[in-house]
Amino acid sequence: MVSIVTSLALLAVAGCGLRLETPPPTEPVPDAQETLRRSAVDGALLVGDLAEAAVATSSGLDPTALATLTETGTFADLHVTQLGGVYDSGLPEPEPTASATDEPTTPTAATPAEVLDALAASSASMREGIDQTEDGPFARLLTSIVSSQDTSARQLAATTGTPLPESLVLPTGLLVPETTPSGLTATDLATIIEAEDAAGYAFEVRAALSDGDVRAAALDRAVLHRARAEAWAQAAGTAGGAQDPRRVAYSVPADIPTAELAVQLESSLAESYAALTAEAGTGTRLPLADLSTEASLAAVAWGAPLGTFPGLPEQSTTPPAAG
């Protein structure tokens, strides 16, 4: 038991304005979600820094290649912002140590190949994050950024004559999993089955009315979308049954040029698959993310402009011009 004398002594110390010294605040340890977020920010930051350095230092590039590099850097800046930006604890910055150097932390020179490598590394890291995060909306955002980075990388490779990194070569084929991702409802599955089937039907109609390269491209997409609809119906267990949402025919607008209609169809599918990544459980999202990216790439192939956030209609505003 504390004596009365001791208690009075403590009160006297307090009355003199003295207090026990407390340790300085420390930066909290990031949890798994914050670690994924910071990793995504770091990847996008590097892409932006390298793209800016490449614009400033790459020689012999034509205006189209330079415009692509500039756009890549602009997209990366917007990705960083949407991801929440660089973490700031609010704590005072530590004093620099004697071993600290004055060298800049951002690259001062870069090549298109280095920008492509950074895009590939960032895309691969975020793709892993899609399947790891417990935050569905964050998985959807990462899916969109991966799609944006992949389309930017292909554009950059084409305009600069630089080989595309192998990790950015998207697998071809159905991409539909044999079992349905966890977390998806019967309504989710019915919606995507019908969307794929309707896209296949629309491409069939346009292929029949076209010729040459347009006919061949439309027919290829028709076959693929019909096959994906069947694969999803098989995975959902509704193929050929009363719950199969597919119809004999769908309405196809006649007053829209084929390329424009194709962009609408593929962009809508990219949006649908991105939305499903937010609903699906961890460990089962990658097929949905890959399908969203594939549809985004198809939309660009039909003439859609590169997007900062493909598949996210709420982020569909045109990015500000660089400079």
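**A look at the overall build of the chain**
Per the secondary structure count, the chain includes nine helices and zero strands. When the helices and strands of the chain are listed from N to C terminus, the series reads α-α-α-α-α-α-α-α-α. Counting all 323 residues of the chain, 42% fall into the buried class. Restricting to contacts in the chain with at least 6 residues of sequence separation, those with at least 24 account for 83%.

**Topic: unusual backbone geometry**
A positive phi angle, near 65°, is found at Leu175, a position not held by glycine. By relative accessible area, Leu175 is classed as buried at 18%.

**Considering the confidence of the model for the chain**
Mean pLDDT over the chain works out to 89, with 84% of the residues at or above the 70 mark. Across residues 8-15, where pLDDT falls below 50, the model places one contact with residues more than four positions away in sequence or in other chains. Predicted confidence for residues 318-323 stays below pLDDT 50, and this span has eight contacts to residues more than four positions away or in other chains.

**Here's the deal with the side chain of Thr160**
Inspection of the secondary structure puts Thr160 in helix α5 (residues 136-160). Side chain to side chain, Thr160 and Thr162 meet in a polar contact 2.8 Å long.

**Here we look at the environment of Ala67**
With respect to the helices and strands, the residue Ala67 is situated in helix α3 (residues 63-82). Distance from Ala67 to Leu156, taken between C-alpha atoms, is 9.4 Å for residues 89 residues apart in sequence.

**Quick notes on the environment of Asp117**
With respect to the element layout, Asp117 can be found in helix α4 (residues 112-132). Overall, the relative accessible area of 47% leaves Asp117 in the partly exposed class. Sequence separation between Asp117 and Val47 is 70 residues; the distance between their C-alpha atoms is 8.9 Å.

**Remarks on the nonpolar core**
Burial of nonpolar side chains together is a common tendency in soluble globular proteins. Judged by nonpolar contacts, the single largest core of 18 residues is most densely connected at Ile192, Trp232, Tyr273 and Leu288. Not counting chain neighbours up to four residues away, the residues in contact with Tyr273 comprise Ile192, Glu196, Trp232, Leu288, Leu291 and Ser292.

**Topic: α4**
The end-to-end C-alpha distance of α4, which contains 21 residues, comes to 30 Å, matching closely the 30 Å that a straight helix rising 1.5 Å per residue would cover. Within the span of α4, buried status applies to Pro112, Val115, Leu116, Ala118, Leu119, Ala120, Ser122, Ser123, Met126, Gly129, Ile130 and Asp131. Buried positions along α4 lie against α2 (32-57), α3, α5 and α9 (286-301).

**A closer look at the environment of Met126**
With respect to the secondary-structure elements, Met126 resides in helix α4. Sequence-distant contacts of Met126, defined by excluding residues within four places in its chain, comprise Ala40, Ala44, Leu83, Leu142, Ile145, Val146 and Gln149.

**Details of the packing of aromatic side chains**
The full count for this structure, using the stated rule, is three aromatic pairs. A cation sits over an aromatic face here: Arg38 above Tyr87, 3.9 Å from the ring centre.

**Notes on the pattern of salt bridges**
Close approach of charged atoms allows side chains with opposite charge to pair. The final tally for this structure, using the stated rule, is 12 salt bridges. Glu34 serves as the salt-bridge partner of Arg37, at 3.0 Å between the closest nitrogen and oxygen. With Arg37 and Glu34 both in helix α2 and three residues apart, this pair spans about one turn of that helix. The two residues Arg37 and Glu34 agree in class, both being buried. The salt bridge involving Glu294 is made with Arg221; its shortest N-O contact spans 2.8 Å. One end of the pair, Glu294, is in helix α9; the other, Arg221, is in helix α7 (residues 212-236), with 73 residues separating them in the sequence. Of the residues examined, Glu294 reaches a relative accessible area of 13% and is grouped as buried. Looking at Arg221, the relative accessible area reads 11%, which means it is buried.

**As for the packing of α5 against α9**
Relative to each other, α5 and α9 sit at 40°, their axes nearing to 9 Å. Taken together, the axes of α5 and α9 are oblique relative to one another. Where α5 crosses over α9, the handedness of that crossing is right-handed. Residues Thr143, Val146, Ser147, Asp150, Thr151 and Arg154 of α5 form the contact with α9, whose own contacting residues are Ala289, Ser292, Thr293, Ser296, Leu297 and Val300.

**Section: α9**
The end-to-end C-alpha distance of α9, which contains 16 residues, comes to 22 Å, matching closely the 22 Å that a straight helix rising 1.5 Å per residue would cover. Counting buried residues in α9 gives 12 out of 16 residues, a clear majority hidden from the surface. Every buried residue of α9 is listed here: Leu288, Ala289, Asp290, Leu291, Ser292, Thr293, Glu294, Ala295, Ser296, Leu297, Ala298 and Ala299. Considering only its buried residues, α9 is in contact with α4, α5, α7 and α8 (258-279).

About the cut-offs
- Per-chain numbering applies: the sequence of each chain, read as written, is numbered from 1 onward.
- Totals for whole chains, interfaces and linings use every residue, but because this is a predicted model, local features are given only for residues with pLDDT of at least 70 and side-chain atom pairs only at 80 or more, for both listing and counting.
- The side-chain figures draw on all heavy atoms in the structure; neither hydrogens nor water molecules are used.
- For the purposes of this entry, the term helix denotes a DSSP run of H or I that reaches at least four residues, the term strand denotes a run of E that reaches at least two, and both are numbered from the N terminus.
- A 1.4 Å probe rolled over the protein chains alone gives each residue an accessible area, and that area as a share of the maximum for its type sets the label: buried under 20%, exposed over 50%, partly exposed in between.
- In what follows, a contact means two residues having at least one pair of non-hydrogen atoms within 4.5 Å.
- Per residue, pLDDT captures the predictor's confidence, and it can take any value from 0 to 100.
- Think of a polar contact as two N or O atoms within 3.5 Å of one another; within protein, one of them needs to be a possible hydrogen donor and the other a possible acceptor, and neighboring residues in sequence only count if both atoms come from side chains.
- Only buried Ala, Val, Leu, Ile, Met, Phe, Trp, Tyr and Cys residues count toward a nonpolar core, and they belong to the same one when joined by side-chain atoms within 4.5 Å.
- In this analysis, the expected span of each helix is defined as 1.5 Å times one less than the number of residues it contains.
- Here a Phe, Tyr or Trp ring, Trp counted by its six-membered ring, pairs with any other such ring whose centre lies within 6.5 Å, and the pair is stacked when the planes are under 30 degrees apart, edge-to-face when over 60, and tilted otherwise.
- Geometrically, a charge over a ring is one whose NZ (Lys) or CZ (Arg) sits within 6 Å of the ring centre while staying within 35 degrees of the ring normal.
- The term salt bridge refers to a pairing of a side-chain nitrogen on Lys or Arg with a carboxyl oxygen on Asp or Glu at a separation within 4 Å.
- Fitted lines through C-alpha atoms serve as axes, helices being fitted only where they are in contact, and the angles separating the N-to-C directions of these axes extend from 0 to 180 degrees.
- The cut-offs work like this: below 35 degrees is roughly parallel, past 145 is roughly antiparallel, 65 to 115 is roughly perpendicular, and the gaps in between are oblique.
- In a left-handed crossing the near helix is turned counterclockwise from the far helix by less than a right angle, and in a right-handed crossing that turn is clockwise.

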